[in-house]
Amino acid sequence: MLGQKDSFSYSSLISGYAQSCLIKEEVLLFCAMMKSNLAVNSYTLTSILRTSALPNESGIGTQLHALVIKVGLGSEVSVGSSLVTMYSECGGLKDCENAFNEIEKPDLIGWTALISSYAWHGKGVKALRVCELVKKEGISHDSVTFVGILSACSHSGLIEEGYYYLKSMAKDLGIQPGYRHYACMVDILGRSGKLREAEKFINDLSVEPDAFIWRTLLSACKVHGDVELGRLAAKNVIELEPNHSGAYVALSNICADIGQWEAVLEIRSLMKGIGVRKERGSSI
């Protein structure tokens, strides 16, 4: 498989497999590297830890953390940050905090991983406290950090804080919000049931909203049973992504939830007429 089987060649190929989402190949190659008694570096561990952050691979992550401790790389920021992300998605919040506390000198990536972990677990207030702590450390947030901050506001219903940090991006740091940030704000409003305010927010944007923003509103409409606005959101998603079944399915589910079976049949007929197939795992 490999010409020169050293740590560098193994690490490079493992990273390539990780970036290509070839999980089985990545894990098998890592195991082969371990059997070869080659030294494991932070680059290799960071790559393999990204894989262990997947929900179905949590067992791998626990074993990898034991290896990290054994080789003494838990204090390195790249490895520690990857452990935080892994435990955020596959473990508990306490594990995230412990992994973060092992990092000798956290950088923005490490802080962002912790903020995102708090967001994922619905601890918005804690996430914002960390955000302010980062400022005091003299570290400036980037656009990725702001996604974590806004997600934290979304999962904790912090509407005013969401508006504040969205405006702060451009005002204080000169970072122009992107579609992902705008979608987060729509999600903040949508989760709180403020669907009309979310619609107004979208209409007032200085950029044309993309399908992701409209899908976010559509999801909120499904949760709160707003058929009228759901139809509008679905219409915009379909115009932007006519061959994607998600909007059709979501709108159909909204109609089904309130017993509008004729509308459900119309949507099915429309999908069939234009050749859109339902993705596996969705219901209609």
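Just so we're clear, the structure is a prediction, and the values are computed from it rather than from any experiment. (Residues numbered from 1 in each chain as written. Predicted model: local features only at pLDDT ≥ 70, side-chain atom pairs only at ≥ 80, totals over all residues. Heavy atoms only, no water.)

1. Digging into helix α1 (residues 7–19)
No. 1: A rise of 1.5 Å per residue sets the reference length of α1, with its 13 residues, at 18 Å; its end C-alpha atoms lie 18 Å apart and thus fit the reference within 8%.
No. 2: Taken together, the buried positions of α1 are occupied by Ser7, Ser9, Tyr10, Ser11, Ile14, Ser15, Tyr17 and Ala18.
No. 3: Two residues or fewer after α1 comes Cys21, characterised by a positive phi angle close to 60°. (Helix = DSSP H or I, 4+ residues; strand = E, 2+ residues; numbered from the N terminus. Expected span 1.5 Å × (residues − 1). Buried < 20%, exposed > 50% of the residue type's maximum accessible area, 1.4 Å probe, protein only.)

2. A word on the nonpolar core
No. 1: Counting 82 residues, the largest nonpolar core has Phe30, Leu45, Leu83, Phe201 and Leu217 as the members making the most contacts within it.
No. 2: Sorting elements by how many residues they give to this core places helix α11 (residues 179–191) first, with seven residues. (Core = buried A, V, L, I, M, F, W, Y, C linked by side-chain atoms within 4.5 Å.)

3. Quick word on the packing of helix α6 (residues 93–102) against helix α7 (residues 108–120)
No. 1: At a closest axis distance of 10 Å, the pairing of α6 and α7 adopts a crossing angle of 170°. The pairing of α6 with α7 is recorded here as roughly antiparallel in orientation. Seen from α6, the contacting residues are Leu93, Cys96, Glu97 and Phe100; seen from α7, they are Gly110, Trp111, Leu114, Ser117 and Tyr118.
No. 2: Looking at the contact of α6 with α7 residue by residue, the class counts come to six nonpolar, two polar and one charged. (Axes fitted to C-alpha atoms, helices over the stretch in contact; angles between N-to-C directions. Parallel < 35°, antiparallel > 145°, perpendicular 65-115°, else oblique. Contact = heavy atoms within 4.5 Å. Nonpolar A, V, L, I, M, F, W, Y, C, P; charged D, E, K, R; others polar.)

4. Looking at the packing of aromatic side chains
No. 1: Applying the stated criterion to the full structure yields four aromatic pairs.
No. 2: Centroid distance Phe100 to Trp111: 4.8 Å. Interplanar angle 55°. Geometry classified as tilted. Of this pair, Phe100 sits in helix α6 while Trp111 sits in helix α7; the two residues are eleven residues apart in sequence, bridging distant segments of the chain.
No. 3: The class for Phe100 is buried, based on a relative accessible area of 7%.
No. 4: A relative accessible area of 8% means that Trp111 is categorised as buried.
No. 5: Ring geometry for Tyr164 against Tyr165: centres 4.9 Å apart, planes inclined by 80°, an arrangement best described as edge-to-face.
No. 6: Members of the aromatic cluster, joined through ring pairs, are Tyr163, Tyr182 and Phe201. (Phe/Tyr/Trp six-rings, centres within 6.5 Å; stacked < 30°, edge-to-face > 60°.)

5. Here's the deal with the confidence of the model for the protein chain
No. 1: Averaged over all residues, the pLDDT of the protein chain equals 86, while 91% of them reach at least 70.
No. 2: The least confident element of the protein chain, judged by mean pLDDT, is helix α16 (residues 261–274) at 76; the most confident is helix α12 (residues 195–203) at 98.
No. 3: A low-confidence stretch, residues 280–284 stays under pLDDT 50, and its non-local contacts, those more than four residues away or across chains, total ten contacts. (pLDDT = per-residue confidence, 0-100.)

6. A short note on the pattern of salt bridges
No. 1: Summed over all chains, the structure comprises nine salt bridges.
No. 2: We note a salt bridge from Lys126 to Glu97, for which the minimum N-O separation is 3.7 Å. One end of the pair, Lys126, is in helix α8 (residues 124–136); the other, Glu97, is in helix α6, and 29 residues separate them in sequence.
No. 3: By relative accessible area, which is 38% here, Lys126 ends up partly exposed.
No. 4: For Arg215, the salt bridge goes to Glu241, with nearest N and O atoms at 2.7 Å. One end of the pair, Arg215, is in helix α13 (residues 211–224); the other, Glu241, is in the loop between α14 (227–240) and α15 (246–257), with 26 residues separating them in the sequence.
No. 5: Classification of Arg215 by relative accessible area gives partly exposed; the value is 26%. (Salt bridge = Lys/Arg side-chain N within 4 Å of Asp/Glu carboxyl O.)

7. Concerning the environment of Asp142
No. 1: Inspection of the secondary structure puts Asp142 in the loop between α8 and α9 (143–156).
No. 2: Since its relative accessible area comes to 30%, Asp142 is described here as partly exposed.
No. 3: Expressed as a C-alpha distance, the spacing of Asp142 and Gly174, which sit 32 residues apart in the sequence, is 10.0 Å.
No. 4: Apart from the residues within four sequence positions on either side, Asp142 is in contact with Leu108 and Ile175.
No. 5: Separated by 2.8 Å, the side chains of Asp142 and Thr145 make a polar contact. (Polar contact = N/O pair within 3.5 Å; in protein donor to acceptor, adjacent residues only side chain to side chain.)

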